[in-house]
Amino acid sequence: NETNIMDHEQFVFQSSGDHDVEGWLMKPPSFDENNTYPLILYIRGGSAGCFGNSFMHRYQVLAAQGWIVLYVNQWGNGGYNEAFQGEASGHYGEQEYKDLMEAVDYISTKYHFVNTDKLGVTGSSQGGFLTNWIITHNDKFKAAIPQASISNWHSDYGCSDIGWTFGQYDMEGMPWSDEEKYLSMSPIRYASKVKTPTMIIHAEKDYRCCLEQAEQWFTALKVLGVPTEFVIFPDEHHGIRKPKHRVELLYHIIRWFKEYL
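Position labels on residues start from 1 in each chain and follow its written sequence. Per-residue local features of the predicted model are confined to residues with pLDDT of at least 70, and side-chain atom pairs are confined, for both listing and counting, to 80 or more; whole-chain, interface and lining totals are unaffected and use all residues. Computation of side-chain values: all heavy atoms of the structure, hydrogens and water removed.

K.L.:
Just to check I follow, could you spell out the overall build of the protein for this structure?
P.N.:
What the protein contains, in helices and strands, is 9 helices and 8 strands. When we talk radius of gyration, it's over C-alpha atoms, and the globule rule is simply 2.2 Å times the number of residues to the 0.38. Rg of the C-alpha trace for the protein: 17 Å, near the compact-globule value of 18 Å for 261 residues, within the 12% margin. Along the longest, intermediate and shortest principal axes, the C-alpha atoms of the protein span 55 × 40 × 30 Å. The buried share among the 261 residues of the protein stands at 54%. Contacts are assigned to residue pairs that have any heavy atoms within 4.5 Å of one another. Considering only contacts within the protein whose residues lie at least 6 apart along the sequence, 71% involve residues at least 24 apart. With residues, only the protein chains shown are counted as cover, and all accessible areas are computed by Shrake-Rupley using a 1.4 Å probe. Per element, the accessible surface of the protein, about 11500 Å² overall, is 50% carbon and sulfur. All tallies of charge rest on Lys and Arg as positive and Asp and Glu as negative; His and the ends of each chain are not included. Lysine's charge is taken at NZ, arginine's at CZ, aspartate's at CG and glutamate's at CD. Distance from the positive charge centre (21 side chains) to the negative charge centre (33 side chains) of the protein: 6 Å. Secondary structure counts use DSSP, requiring at least four H or I residues in a row for a helix and at least two E residues in a row for a strand, with both numbered from the N terminus. Categorising residues by exposure relies on relative accessible area from a 1.4 Å probe, with only protein chains included: less than 20% of the type maximum marks a residue as buried, more than 50% marks it as exposed, and the intermediate range marks it as partly exposed.

K.L.:
Looking at this model, I keep getting lost on unusual backbone geometry. Mind explaining?
P.N.:
Backbone geometry follows two general trends: most residues other than glycine have a negative phi, and most peptide bonds adopt the trans configuration. Of note, Asp 18 is a non-glycine position whose phi angle comes to about 65°, a positive value. The exposure class assigned to Asp 18 is exposed, which follows from its relative accessible area of 60%.

K.L.:
Looking at this structure, how should I read the nonpolar core?
P.N.:
One broad rule of soluble globular proteins: the nonpolar side chains tend to lie buried together. We define the nonpolar core as a collection of buried residues of types Ala, Val, Leu, Ile, Met, Phe, Trp, Tyr and Cys that are connected through side-chain atoms lying within 4.5 Å of one another. Within the largest apolar cluster, 47 residues are counted, with the highest numbers of intra-cluster contacts made by Leu 41, Leu 70, Ile 134 and Trp 153. Here the element with the most residues in this core is helix H3 (residues 95–110); it accounts for 6 residues. With sequence-adjacent residues up to four places away left out, Leu 70 is seen in contact with Phe 11, Trp 24, Leu 25, Leu 39, Ile 40, Leu 41, Tyr 42, Ala 103, Val 104 and Ile 107. Val 69, Ile 145, Ile 201 and Phe 257 belong to the second largest nonpolar core, which has 26 residues in total.

K.L.:
What is the right way to look at the packing of H3 against helix H4 (residues 126–137) in this model?
P.N.:
Between two packed helices, the angle of one axis relative to the other and the distance separating the axes together describe the packing. Here, axes are lines fitted to C-alpha atoms. For helices the fit covers the stretch in contact, and angles between N-to-C directions go from 0 to 180 degrees. Put simply, H3 and H4 touch, their axes get as near as 11 Å, and they point 75° apart. Here H3 is positioned roughly perpendicular relative to H4, judged by the angle of their axes. For the pair formed by H3 and H4, the contact residues are Glu 96, Tyr 97, Leu 100 and Met 101 on the first element and Phe 129, Leu 130, Trp 133, Ile 134 and His 137 on the second. All residues other than Ala, Val, Leu, Ile, Met, Phe, Trp, Tyr, Cys, Pro, Asp, Glu, Lys and Arg, Gly among them, are scored as polar; the first ten of these are nonpolar and the last four charged. Classifying every residue of the contact of H3 with H4 gives 7 nonpolar, 1 polar and 1 charged. Should an angle fall under 35 degrees it is taken as roughly parallel, and over 145 as roughly antiparallel, whereas 65 to 115 is taken as roughly perpendicular and any remaining angle as oblique.

K.L.:
When you look at the layout of surface pockets in this model, what are you seeing that I'm missing?
P.N.:
A probe as big as a water molecule, rolled over the atoms, marks out the empty space that is left. A 1.4 Å probe that fits into a set of points on a 1 Å grid over the protein atoms alone but cannot get out defines a cavity; an open set with protein on both sides within 12 Å along at least five of seven lines defines a pocket, and lining residues are those with an atom within 4 Å of a point. Grid points are joined across faces, edges and corners, and a volume is the space filled by probe spheres set on the points. As a volume, the largest pocket reaches approximately 570 Å³. Lining the largest pocket are 27 residues, with Tyr 42, Arg 58, Ser 124, Gly 239 and Arg 241 positioned closest to its centre. For the lining of the largest pocket, the secondary-structure elements that each account for two or more residues are strand S3 (37–43), helix H1 (57–63), strand S7 (198–203) and helix H9 (243–260). Residues belonging to the lining of the largest pocket are distributed by class as follows: 11 nonpolar, 11 polar and 5 charged.

K.L.:
Any chance you could explain the pairing of strand S5 (residues 114–124) here in plain terms?
P.N.:
A regular strand places its side chains on the two faces of the sheet in alternate fashion. Any two strands are treated as partners once DSSP identifies two or more bridges connecting them. Relative to S5, S3 runs parallel, the two sharing 6 bridges. Note on S5: the bridge partner recorded for Tyr 37 is Val 114. Across 5 bridges, the pairing between S5 and strand S6 (residues 143–147) is parallel. In the sheet register, Val 121 faces S6, and the bridge partner there is Ala 144. Where the polypeptide runs from S5 across H4 and back to S6, its parallel neighbour, the crossover connection is right-handed. Here the term right-handed applies to a crossover when the path leading from its first strand over the helix to its second strand runs clockwise, the strands being oriented away from the viewer.

K.L.:
Where do I start with helix H8 (residues 211–223) in this structure?
P.N.:
Residues spaced three or four apart along an α-helix point in a common direction, a consequence of the helix completing one turn every 3.6 residues. How far a helix is expected to stretch is found by multiplying one less than its residue total by 1.5 Å. Taking 1.5 Å per residue, 13 residues should reach 18 Å; H8 reaches 18 Å between its end C-alpha atoms and fits that length. Buried residues along H8 sit against H4, S6, helix H5 (153–159), S7 and strand S8 (228–233). Once H8 ends, the next one or two residues include Gly 225, with phi positive near 85°.

K.L.:
What should I look at first to understand the sheet that holds S7 in this one?
P.N.:
For sheets, the rule is that strands pair by backbone hydrogen bonds, running either parallel or antiparallel. Spatially, 8 strands are ordered S1-S2-S4-S3-S5-S6-S7-S8 in an open sheet, and the strand pairing comes out mixed. Of all the strands in the sheet, the pair left with one neighbour each is strand S1 (8–14) and S8. Ignoring which end each strand starts from, the neighbouring axes of this sheet average 20° apart. In the sheet, S3 pairs with strand S4 (residues 68–73) via 3 bridges, with the strands oriented parallel. Across the sheet, residue Ile 40 finds its bridge partner in S4, namely Val 69. On top of the sheet, H3 reaches S1, strand S2 (20–26), S3, S4 and S5; it is set at about 115° to S1, its chief contact. Lying over the sheet, H4 contacts S3, S5, S6 and S7, oriented at roughly 135° with respect to S5.

K.L.:
What's the story with the packing of aromatic side chains in this structure? I'm lost.
P.N.:
Here a ring pair, both rings aromatic, is described through the centre-centre distance and the interplanar angle of the planes. Each pair of aromatic rings taken from Phe, Tyr and Trp, with Trp reduced to its six-membered ring, is defined by centres within 6.5 Å and is described as stacked if the planes are under 30 degrees apart, edge-to-face if over 60, and tilted in the remaining cases. Within this structure, the stated rule accounts for 23 aromatic pairs. The interplanar angle of 40° and the centroid separation of 4.7 Å between the aromatic rings of Tyr 59 and Tyr 71 together place this pair among those described as tilted. Here Tyr 71 lies in strand S4 and Tyr 59 lies in helix H1, a separation of 12 residues in the sequence. Exposure class is identical for Tyr 59 and Tyr 71. Each is buried. Site record: aromatic cluster; members linked through ring pairs are Tyr 92, Phe 129, Trp 133, Trp 153, Phe 166 and Tyr 190. Directly above the ring of Phe 31 sits Lys 27, whose terminal nitrogen or CZ lies 4.7 Å from the centroid. Here, a charge over a ring means that NZ of Lys or CZ of Arg falls within 6 Å of the ring centre while also lying within 35 degrees of the ring normal. Over the ring of Phe 51 we find Arg 44; its NZ or CZ atom is 5.5 Å from the centre of that ring.

In structure tokens form, the structure reads like this:
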């Protein structure tokens, strides 16, 4: 199917962390400033990268559904300076979470065309972790799709291909010496607070954020009665690469958001 390619609008605001946060907003092709639209917060993966002025096909496809897409370089992303990226280590779920929530509030306050009753959130890898973290800490979003996510830093240490190095440097310690710190930053601890309908997407052979992370999260949410689906892509690794699977991934994302937004 064809879609109209949309430009994106850059914005900057000062967060509660006393630093500037840069972000972008992509509007749907059918945009009419007199109407209101659902908004999708799409959180990037990895702490070393950052968003910029580049073409991102997933956001174009989502905007084409009639949704506004929001993406942000929150605290902990690369591309600015060492403090901006590095000081998030050992403090996951703190300032980067605030930056993302404040970005949504900033856009919702600045623009009347955002339907604040129809907010969705998704992201992959660290973006998946933050998606899990967000739905354990507020009910602002009506639908969530964590992709390649982390739910339990404690078990991730012994399963991930970078678990022990990540634990040593980014978590600032070992699980047997500071179990409380690992679990305090793990969404699984706060699973009972989740009310948001959640589709969990994961790759079968993901050795970075292992499948067991998604299995734990799915089990917890199902037991708690949260509307939940679990989509596993066979013979895929950390990031969905095969073209047919990339198309299918987008169909699943669209299906879930259309059901709940």
